[in-house]
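Single-letter residue listing:
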Amino acid sequence: MREEKYDVVVVGAGPAGSVAAKTAAERGAEVLLIERNQEIGVPVKCAEGVSKEIEKFVEVVPRCVSAEVKGANIYGPDGTKVVLSAETMDETGYVLERKIFDKSLAIAAVRAGAEVRVKTEAYGVVKENGFTKGVLARCGCSDYSDCSGGGREGEVRISADVVVAADGVESRVGRWAGIETRLRPSEVSVSAEFLMCGLERELNSDFSEFFVSNEIAPKGYAWVFPKGSGCANVGLGISGDVSGEKHRAFDYLRAFARMKFPKGGVVAEIYGVVPLSGSLPETTADGLVLVGDAARQVNPLTGGGILYAIQAGEIAGEVVAKAVQEKDFSKTRLAEYEKRWRSEFGKRLETGLKAKEFFFGLSDKDLNKLAHSLEGVKIEELSVGALLLELVKRNPKMLLGLRKILL
């Protein structure tokens, strides 16, 4: 088995991993970013919607954006429409082209000095005296890649002072290192999505659309994100504990797509799982940091996580670079990451979890009542949190439990 040594190894080249690698490399750390797939950004497992707030953290070049939306339309079970029009609203603003966007973040990491390696899959961690000190990986590099063996395929021991686990839902790296990362079915959203085209006459190209109904998507919602040229991401997510034979996310999506866009054509199918449990109790250990979906840094109410992943990646990169400089890789030192990300957006995740648990218990009758209370109301510059407060204001008795969560 070949052996290599870096200051930091990042497992997973999604937004969280690439931003963490870039940030650490910019600050002088020797960084290796590994990705098990042969192409970064593929396969896409995302609805691709994101707030314009993302521009505070990374550059979003025009080629990474499929469409720009002015707001969102939310439909209750009986079709009642609530219009939200705000450039800063959570989970709206841009519909990304993730295949390009993710690559752009990895390219930025390379330009900052990080080494990036695809077709390299971690299958274990290196442990020394209770510390995580690297990963064991299988490398399937091409002749043009440097796998520290002239492009040879094989196994490699990658030693590192800090491992950044950015390997997605139910992080295997985290679990190998001793952190329980497995989720119950009720703690995930099982999602299915079609990329549909030929929708020019039916599609609202200026607004994202969301459909809330237990008939359409039990314990979840459906979405339509325009991507330009008459195409859109049409998808939905349902709670894992209601998924079953003939009641899978795909079954609900097929019915929804036929109802919403009967003449549209499906040119791609996308499937995935999103953690909706709230964050892990701990996202650091000796020699280890978890970021993005691996840390469950996803809003449990909306399922949105791109922005949080980027924020967490940036914080993680800064903290691990300091740890390398100080030669202190203990959980105590890395706890700065934990403290900072929770201060930045931890409260949003906690509120989202409580709100999700509340809304998942509502009937379609209750959901219609809430939609009716906002019908005809002009809502501008509204975040998801402010939307919830508006609902509480107009439905004080019905949403007493939610009021206690928010106030």
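Note that this is a predicted model, so its numbers are computed, not measured. (Residues numbered from 1 in each chain as written. Predicted model: local features only at pLDDT ≥ 70, side-chain atom pairs only at ≥ 80, totals over all residues. Heavy atoms only, no water.)

Peer 1: Hey, could you go over the overall build of the protein chain for me, with residue numbers and the actual values?
Peer 2: On a plain count of helices and strands, the protein chain comes out with 9 helices and 19 strands. For the protein chain, whose C-alpha radius of gyration is 22 Å, the value lies close to the compact-globule estimate of 22 Å for 407 residues. Burial analysis of the protein chain (407 residues in total) assigns 56% to the buried set. When contacts within the protein chain are restricted to residue pairs at least 6 apart in sequence, long-range pairs at least 24 apart make up 71% of them. By element, 48% of the accessible surface of the protein chain is carried by carbon and sulfur atoms, the whole surface being about 17900 Å². Positive and negative side-chain charges of the protein chain, numbering 55 and 58 respectively, have mean locations separated by a distance of 3 Å. (Helix = DSSP H or I, 4+ residues; strand = E, 2+ residues; numbered from the N terminus. Rg over C-alpha atoms; globule rule 2.2 N^0.38 Å. Buried < 20%, exposed > 50% of the residue type's maximum accessible area, 1.4 Å probe, protein only. Contact = heavy atoms within 4.5 Å. Areas by Shrake-Rupley, 256 points an atom, 1.4 Å probe, with all protein chains shown as cover. Lys, Arg positive; Asp, Glu negative; His and termini not counted. Charge placed at Lys NZ, Arg CZ, Asp CG, Glu CD.)

Peer 1: Which residues make up the layout of surface pockets, and what values do they have?
Peer 2: One way to see where empty space is left: roll a probe the size of a water molecule over the atoms. Estimates place the volume of the second largest pocket at around 300 Å³. Of all the secondary structure elements, the ones that give two or more residues to the lining of the second largest pocket are helix H1 (15-26) and helix H2 (98-111). It is H2 that provides the largest number of residues to the lining of the second largest pocket, a total of 5 residues. Grouping the amino acids of the lining of the second largest pocket by side-chain chemistry returns 7 nonpolar, 2 polar and 7 charged. (1 Å grid on protein atoms, 1.4 Å probe; cavity = no way out; pocket = protein on both sides within 12 Å on 5 of 7 lines; lining within 4 Å. Points joined across faces, edges and corners; volume = space filled by probe spheres on them. Nonpolar A, V, L, I, M, F, W, Y, C, P; charged D, E, K, R; others polar.)

Peer 1: Quick one: what's the story with the state of the cysteines, residue by residue and with numbers?
Peer 2: Within this structure, the stated rule accounts for 1 disulfide. The partner cysteine of Cys197 in its disulfide is Cys231, sulfur to sulfur 2.2 Å. Looking down the S-S bond of the Cys197 and Cys231 bridge, the torsion is 110°, so its handedness is right-handed. You can see Cys197 sitting in strand S12 (residues 188-197) and its partner Cys231 sitting in strand S15 (residues 231-239), a full 34 residues away along the chain. For Cys197, a relative accessible area of 21% puts it in the partly exposed group. By relative accessible area, Cys231 is classed as buried at 15%. Just so you know, Cys46 is unpaired, no disulfide at all, and the nearest cysteine sulfur is the one on Cys64, 13 Å from it. Since its relative accessible area comes to 17%, Cys46 is described here as buried. According to the relative accessible area criterion, Cys64 is buried, its value standing at 0%. (Disulfide = S-S within 2.5 Å.)

Peer 1: Explain the packing of aromatic side chains residue by residue, including any values.
Peer 2: The final tally for this structure, using the stated rule, is 10 aromatic pairs. With a centroid separation of 6.0 Å and an interplanar angle of 75°, the aromatic rings of Phe194 and Phe250 are classed as edge-to-face. One end of the pair, Phe194, is in strand S12; the other, Phe250, is in helix H4 (residues 249-260), and 56 residues separate them in sequence. Feature note: the residues Phe210, Tyr221, Trp223 and Phe225 constitute an aromatic cluster, connected by ring pairs. The side chain of Arg138 reaches across the aromatic face of Tyr123, ending 4.1 Å from its centre. The residue whose ring lies beneath Lys260 is Tyr75, and the NZ or CZ to ring-centre distance is 5.8 Å. (Phe/Tyr/Trp six-rings, centres within 6.5 Å; stacked < 30°, edge-to-face > 60°. Lys NZ or Arg CZ within 6 Å of the ring centre and 35° of its normal.)

Peer 1: I'd love a proper account of the sheet that holds strand S3 (residues 49-51), names of residues and values included.
Peer 2: In a beta sheet, neighbouring strands pair by backbone hydrogen bonds and run either parallel or antiparallel. Spatial strand order, S3-S7-S4: 3 strands in an open sheet with antiparallel pairing. Looking along the sheet, the strands with just one partner apiece sit at the ends: S3 and strand S4 (65-68). Averaged over all pairs of adjacent strands, the angle between their axes in this sheet comes to 30°, without regard to strand direction. Sheet topology places S3 next to strand S7 (residues 93-96); 3 bridges connect them, and they run antiparallel. Bridged to Val50 within S7 is Tyr94. (Pairing = 2+ DSSP bridges. Axes fitted to C-alpha atoms, helices over the stretch in contact; angles between N-to-C directions.)

Peer 1: Could you give an account of the nonpolar core, with specific residues and numbers?
Peer 2: Within the largest apolar cluster, 35 residues are counted, with the highest numbers of intra-cluster contacts made by Val8, Val10, Val31, Val291, Val320 and Tyr337. Listed by contribution, the elements that provide at least two residues to this core are strand S1 (2-11), H1, strand S2 (31-34), H2, strand S11 (154-165), helix H5 (306-326) and helix H6 (331-359). Not counting the four nearest positions on each side in its chain, Val31 is found in contact with Tyr6, Val8, Val10, Ala21, Ala24, Ala25, Ala114 and Glu115. (Core = buried A, V, L, I, M, F, W, Y, C linked by side-chain atoms within 4.5 Å.)

Peer 1: How would you explain H4 if you had to name every residue and give the values?
Peer 2: Between its first and last C-alpha, H4 extends 16 Å over 12 residues, near the 16 Å set by a 1.5 Å rise per residue. Buried residues of H4: Ala249, Asp251, Tyr252, Leu253, Phe256 and Ala257, and no others. Among the structural elements, S12, strand S13 (207-211), strand S14 (221-228) and S15 are those in contact with the buried residues of H4. (Expected span 1.5 Å × (residues − 1).)

Peer 1: Before we move on, can you summarise the packing of H5 against H6 with the specific residues and values?
Peer 2: In a packed pair of helices, the relevant descriptors are the angle between the two axes and the axis-to-axis distance. Interhelical geometry of H5 versus H6 gives an angle of 165° and a closest axis separation of 8 Å. Considering their axes alone, H5 and H6 lie roughly antiparallel with respect to each other. For H5 against H6, the interelement crossing comes out right-handed. Residue-level contacts link Tyr308, Gln311, Ala312, Ile315, Ala316, Glu318, Val319, Val320, Lys322, Ala323 and Glu326 of H5 to Arg333, Leu334, Glu336, Tyr337, Arg340, Trp341, Glu344, Phe345, Arg348 and Leu349 of H6. Looking at the contact of H5 with H6, its residues break down into 12 nonpolar, 1 polar and 8 charged. (Parallel < 35°, antiparallel > 145°, perpendicular 65-115°, else oblique. Left-handed = near helix turned anticlockwise from the far one by under 90°.)

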